[in-house]
Amino acid sequence: MPKVAQETPNQAFSAETESGEAQERLNQINFKQLKKEQNRPIIALVLGSGGARGYAHIGAIQVLEQSGIRPDFIVGTSAGSIVGSLYASGKNANQIRDIALNMKASDVRDIRLDMKGFFDGQKVEDYVNEQVSDMPLQSLPIPMYVVATQLKEGKKVVFNYGNTGQAVRASVSIPSMFIPTKIGTDEYVDGGLVSPVPVDVARKLGADIIIAVDILAQPMYTETSNVWGLFNQNINIMQKNLAQIELKNADIVIQPDLREKVHIFDVSGRESTMQAGVDATVAQLEQIQKVFAQKNYKQKLNIQSIQARTH
């Protein structure tokens, strides 16, 4: 877990001379100091794992954006790391929506037969880097933290420096599907295994207000009539229990209704999933306003106008 501290000039210089690989480094922004200097609470947007349900994150961002809520930083796991990185790069919700609707299977899917999986993940890395204009994590306009799992020790790693696409590739590398992502001498897999909705990362970094979007599948709606369904069920049960622990520490929890099984390349499914994110976020606007008032957030929000347009 990166510590909240300023890098020294020597550290920054040495980092520039290192390889372009994703890294877990000392945090470049002291959010606690920023809070003190600007006399306002620090807002974190936490985007959780959930495969194709990740399109719902776009709908949530759309409503938050229209409300005038801009996070100070973003923490993302798996699907949340993809959407979070695009948002952190400066793209707005409409631009991310267009990217999502136009994405083709061939853009991100590269089949490779291997004992450890059948998707390589290089296309995911390249696609994300293309969408963020090859900006490394430390250069994204909104600070971005990508959660992955170090395979050998099963520990949580938070990438905040270096290759954005590579960090995302590591975070989405579902075991048995994707070949683990090798960074340096270590292999990494899906961040959802250790932190499916990484609220605790956001809190440790200094967030005062945490808006968490939980898109996990509900185990009772998972088909278990085949091997793949049983595999999904095992993952869903594990992630749900882990998420419940962390979600207790979030200030606002947005949980889109995503009972329907959606394929990641089903365009009609993408639209309905994004709308589920919109609906769930609109439903939480009053709670958001209440929390912001409690935390002494003085910026005027456009919450009432959004509620009026959606009723």
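Residues numbered from 1 in each chain as written. Predicted model: local features only at pLDDT ≥ 70, side-chain atom pairs only at ≥ 80, totals over all residues. Heavy atoms only, no water.

(A) How the structure looks around the confidence of the model for the chain. With 85% of its residues at a pLDDT of 70 or more, the chain has an overall mean of 87. Every residue in residues 1–19 scores below 50 in pLDDT, and together they form 40 contacts with partners more than four places removed in sequence or on other chains. (pLDDT = per-residue confidence, 0-100. Contact = heavy atoms within 4.5 Å.)

(B) Examining the side chain of Arg25 more closely. On the secondary structure map, Arg25 appears in the loop between α1 (9–16) and α2 (31–38). Looking at Arg25, the relative accessible area reads 15%, which means it is buried. Within polar-contact distance, the side chain of Arg25 engages the side chain of Gln23 at 2.9 Å. (Helix = DSSP H or I, 4+ residues; strand = E, 2+ residues; numbered from the N terminus. Buried < 20%, exposed > 50% of the residue type's maximum accessible area, 1.4 Å probe, protein only. Polar contact = N/O pair within 3.5 Å; in protein donor to acceptor, adjacent residues only side chain to side chain.)

(C) Quick look at the environment of Ala283. Within the element layout of this structure, Ala283 appears in helix α11 (residues 267–283). Note: C-alpha distance between Ala283 and Ile254 (29 residues apart in sequence) is 8.6 Å.

(D) Quick peek at the pairing of strand β1 (residues 43–47). In terms of burial, β1 is largely enclosed, as 5 of its 5 residues are buried. Of the two faces of β1, the one holding Ile43, Leu45 and Leu47 and the one holding Ala44 and Val46 are both buried throughout. Sheet analysis places β1 next to strand β9 (residues 209–213), joined by 5 bridges and oriented parallel. If you follow Val46 over to β9, its bridge partner there is Ala212. Sheet topology places β1 next to strand β2 (residues 73–77); 4 bridges connect them, and they run parallel. Within β2, the residue paired with Val46 across the bridge is Val75. (Pairing = 2+ DSSP bridges.)

(E) Here's a closer look at the pairing of β2. Judged by how many residues are buried, β2 sits mostly within the fold: 5 of 5 residues are covered. Every second residue of β2 is oriented toward a common face, with Phe73, Val75 and Thr77 on one face and Ile74 and Gly76 on the other, all of them buried. Strand direction decides the pairing type here: β2 and strand β5 (residues 144–150), joined by 4 bridges, are parallel. Bridge assignment links Val75 to a residue of β5, and that residue is Tyr145.

(F) Representation of empty space enclosed by the protein in the model. All chains considered together, the criterion is met by 1 cavity of 30 Å³ or more. Considered as a void within the structure, the largest cavity measures approximately 30 Å³ in volume. Lining the largest cavity are Ile43, Leu45, Leu64, Ile69, Pro71, Tyr87 and Ile211. A breakdown of the residues in the lining of the largest cavity according to their chemical character gives 7 nonpolar, no polar and no charged. (1 Å grid on protein atoms, 1.4 Å probe; cavity = no way out; pocket = protein on both sides within 12 Å on 5 of 7 lines; lining within 4 Å. Points joined across faces, edges and corners; volume = space filled by probe spheres on them. Nonpolar A, V, L, I, M, F, W, Y, C, P; charged D, E, K, R; others polar.)

(G) Representation of the packing of aromatic side chains. Counted under the stated rule, the structure contains 6 aromatic pairs. Here Phe31 and Phe73 contribute two aromatic rings whose centre-to-centre distance is 4.5 Å and whose plane-to-plane angle is 35°, an arrangement assigned as tilted. Of this pair, Phe31 sits in helix α2 while Phe73 sits in strand β2; the two residues are 42 residues apart in sequence, bridging distant segments of the chain. Each member of the pair Phe31 and Phe73 is classed as buried. Ring geometry for Phe73 versus Tyr145: centroids 5.6 Å apart, planes at 80°, classification edge-to-face. (Phe/Tyr/Trp six-rings, centres within 6.5 Å; stacked < 30°, edge-to-face > 60°.)

(H) A look at unusual backbone geometry. Look at Ser78: it is not a glycine, yet its phi comes out positive at around 55°. By the secondary structure assignment, Ser78 is in the loop between β2 and α4 (79–88). Accessibility expressed as a relative area gives 6% for Ser78, which makes it buried. A positive phi angle is found at Asn296, which is not glycine, with a value near 65°. Relative to the helices and strands, Asn296 is located in the loop between α12 (285–294) and α13 (303–310). Note on Asn296: relative accessible area 44%, which makes it partly exposed.

(I) Representation of the nonpolar core. Core analysis: the largest hydrophobic core is formed by 65 residues, its most contacted members being Leu45, Ile74, Phe159, Ile211, Ile252, Ile288 and Phe292. A per-element tally of this core places helix α3 (residues 55–66) first, with 7 residues. If sequence neighbours within four positions are ignored, Ile211 has contacts with Ile43, Ala44, Leu45, Val46, Leu64, Ile69, Ile252, Ile254 and Phe292. Among the nonpolar cores identified, the runner-up in size contains 22 residues, and Phe31, Leu205, Ile210 and Ala212 belong to it. (Core = buried A, V, L, I, M, F, W, Y, C linked by side-chain atoms within 4.5 Å.)

(J) The environment of Met274, seen in detail. Mapped onto the elements, Met274 comes out in helix α11. For the pair Met274 and Ala60, spaced 214 residues apart in sequence, the C-alpha to C-alpha distance is 7.8 Å. Those residues in contact with Met274 that lie beyond four places of it in its chain are Tyr55, Ala56, Ile58, Gly59, Arg97 and Leu101.

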